[in-house]
Amino acid sequence: MIEGGCQCGAVRYRVSAADLKVYACHCRECQRQSGSAFALSAPVRSADFALTGDVGVWSRGTASGARTACSFCAACGTRIHHQSSAAPEWLTLKPGTLDDTSGLFARAHIWTAHRQPWVILDPAVEAFETQPADLPAWRRRFVEAG
Amino acid sequence: MIEIEGGCQCGAVRYAGTLDTDEAYFCHCRMCQRATGGVAAALVNARRDAVTWSGRPRDLYRSSPFAHRGHCALCGTPLTFEYDAGSDMLDLTVGSLDEPGLVRLASHFGVESWVPGWIHDDTLPHLRTDEHPPLVERWAAVHKAE
Ligand SMILES: [Zn+2]
Ligand SMILES: [Zn+2]
Ligand SMILES: [Zn+2]
Ligand SMILES: [Zn+2]
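Since we're looking at a predicted model, the values are computed, not measured.

Here's the deal with helix α2 (residues 135-144) of chain A
For step 1, the next point in the chain: Residues of α2(A) that are buried include every one of A:Leu135, A:Ala137, A:Trp138, A:Arg139, A:Phe142 and A:Val143, and no others.
For step 2, the next point in the chain: Where α2(A) is buried, its residues touch β3 (22-25), β4 (39-45), β9 (90-93) and β10 (106-110) of chain A.

Some thoughts on the UniProt feature "domain: CENP-V/GFA" (unreviewed entry) in chain B
For step 1, the next point in the chain: Mapped onto the present numbering, the UniProt feature "domain: CENP-V/GFA" (unreviewed entry) falls on residues 4-115 of chain B.
For step 2, the next point in the chain: The annotated region residues 4-115 of chain B carries 6% helix and 50% strand content, and the separation between its end C-alpha atoms amounts to 30 Å.

Details of the sheet that holds strand β5 (residues 49-52) of chain A
All names here are of chain A.
For step 1, the next point in the chain: The strand order across the open sheet built from three strands is β1-β2-β5, with neighbouring strands paired in antiparallel fashion. The sheet is open, and its two borders are formed by β1 (2-5) and β5, each paired with just one other strand. The average undirected angle you get between the axes of adjacent strands in this sheet is 15 degrees.
For step 2, the next point in the chain: The sheet contact formed by β1 and strand β2 (residues 12-15) spans four bridges and is antiparallel. Paired with Ile2 across the two strands is Val15, which belongs to β2.

With respect to the coordination of the zinc ion (ligand 2)
All names here are of chain A.
For step 1, the next point in the chain: Bound to the zinc ion (ligand 2) on the protein side are Cys25 (SG), Cys27 (SG) and Cys30 (SG), at distances that span 2.2 to 2.3 Å.
For step 2, the next point in the chain: Read N to C, the donor residues that coordinate the zinc ion (ligand 2) are spaced as C-x1-C-x2-C.
For step 3, the next point in the chain: We classify Cys30 as buried; its relative accessible area is 11%.

What to know about the side chain of B:Ser63
Residues and elements named next belong to chain B.
For step 1, the next point in the chain: Relative to the helices and strands, Ser63 is located in strand β6 (residues 59-64).
For step 2, the next point in the chain: You can call Ser63 buried: its relative accessible area is 16%.
For step 3, the next point in the chain: Excluding anything up to four places from it in sequence, Ser63 contacts Met31, His68, Arg69 and Phe81.

Section: the interface of chain A and chain B
For step 1, the next point in the chain: Taken together, the 49 residues of chain A in the interface contact 45 residues of chain B.
For step 2, the next point in the chain: Counting each side, the surface lost to burial between chain A and chain B is near 3500 Å², with a carbon and sulfur contribution of 54%.
For step 3, the next point in the chain: Area buried by chain A at its contact with chain B is led by A:Gln7, A:Arg32 and A:Trp118, which between them contribute 24% of it.
For step 4, the next point in the chain: Connecting chain A to chain B are two salt bridges.
For step 5, the next point in the chain: Put simply, B:Arg34 and A:Asp99 hold a salt bridge, and the shortest N to O gap is 3.1 Å.
For step 6, the next point in the chain: For the pair chain A and chain B, the number of links is 29 residue pairs in polar contact (both at pLDDT 80 or more).
For step 7, the next point in the chain: Elements represented by at least two residues in the side of chain A that touches chain B include exactly β1, β3, α1 (28-34), β6 (55-61) and β10 of chain A.
For step 8, the next point in the chain: Considering each element in turn, the side of chain A that touches chain B owes the most residues, six residues, to α1(A).
For step 9, the next point in the chain: Grouping the constituent residues of the side of chain A that touches chain B by class yields 22 nonpolar, 16 polar and 11 charged.

The rules we used
- Residues numbered from 1 in each chain as written.
- Chains lettered and ligands numbered in written order.
- Predicted model: local features only at pLDDT ≥ 70, side-chain atom pairs only at ≥ 80, totals over all residues.
- Heavy atoms only, no water.
- Buried < 20%, exposed > 50% of the residue type's maximum accessible area, 1.4 Å probe, protein only.
- Helix = DSSP H or I, 4+ residues; strand = E, 2+ residues; numbered from the N terminus.
- Contact = heavy atoms within 4.5 Å.
- UniProt positions renumbered as here; feature names shortened; annotations may be inferred.
- Pairing = 2+ DSSP bridges.
- Axes fitted to C-alpha atoms, helices over the stretch in contact; angles between N-to-C directions.
- Donors = N, O, S within 2.8 Å, 3.2 Å for Na, K, Ca; no water.
- Buried area = accessible area lost by both parts, 1.4 Å probe.
- Salt bridge = Lys/Arg side-chain N within 4 Å of Asp/Glu carboxyl O.
- Polar contact = N/O pair within 3.5 Å; in protein donor to acceptor, adjacent residues only side chain to side chain.
- Nonpolar A, V, L, I, M, F, W, Y, C, P; charged D, E, K, R; others polar.

Okay, here's the thing in structure tokens:
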């Protein structure tokens, strides 16, 4: 069982999946939202995700016309997951909130055109200068790949 | 001195001021991983009195007996790490800067929970959480008081 939660412990979640596939996004929105140089995303089927606790939701429009709902702990602010109105059957978990982050394996980087120059990437990891043309479809293939 | 401006993803919390240094660091500690949802927070030290806040006041979450973490209550963006006492400095999250490229990576902290594979760097100084006297002394004081 994959489990995690926010900093203060008020929000807890479980993912019913064998493992998580994780990629990094270096876009400015992700830098801002995470406070770091890039953000991590782990696509998860909404049906496989169970959350307890009180979350706040902030949503923003995206270039494609869809809206992304960003959920965070109402008490401590920890961002937990994002969900696009274009693909509500999926959500992207912020996997730094896992109870055990030691196994987070780097599988891809997107929006490396906006990478902070002082972040050095492993050349062996797949990287996109912007993003795959059909991001939701890419996410599905990404999760289903072995 | 470096002139900076920044704020949260939704724009409710804003700040402006100056940095004495362009030396940022990645903190790989577990609390920073949870706070950012990723593998590390990117932080830069600033004098408290050199940063002016505007808009909605940041919310402060008490993340340890001697420190708070500032974030936007409306969107969750992590903004600061702040000791309660004994320091006239605070840390700003680099991702919340309007121009994160004004700073550069100079060191790594909290390397005991570094998740390998995401950030490639062996040349900059690495410090474990238990090697940093300001933190060790504050924890020692907490345990002594118990
Ligand atoms: Zn919380
Ligand atoms: Zn992004
Ligand atoms: Zn905000
Ligand atoms: Zn930390």
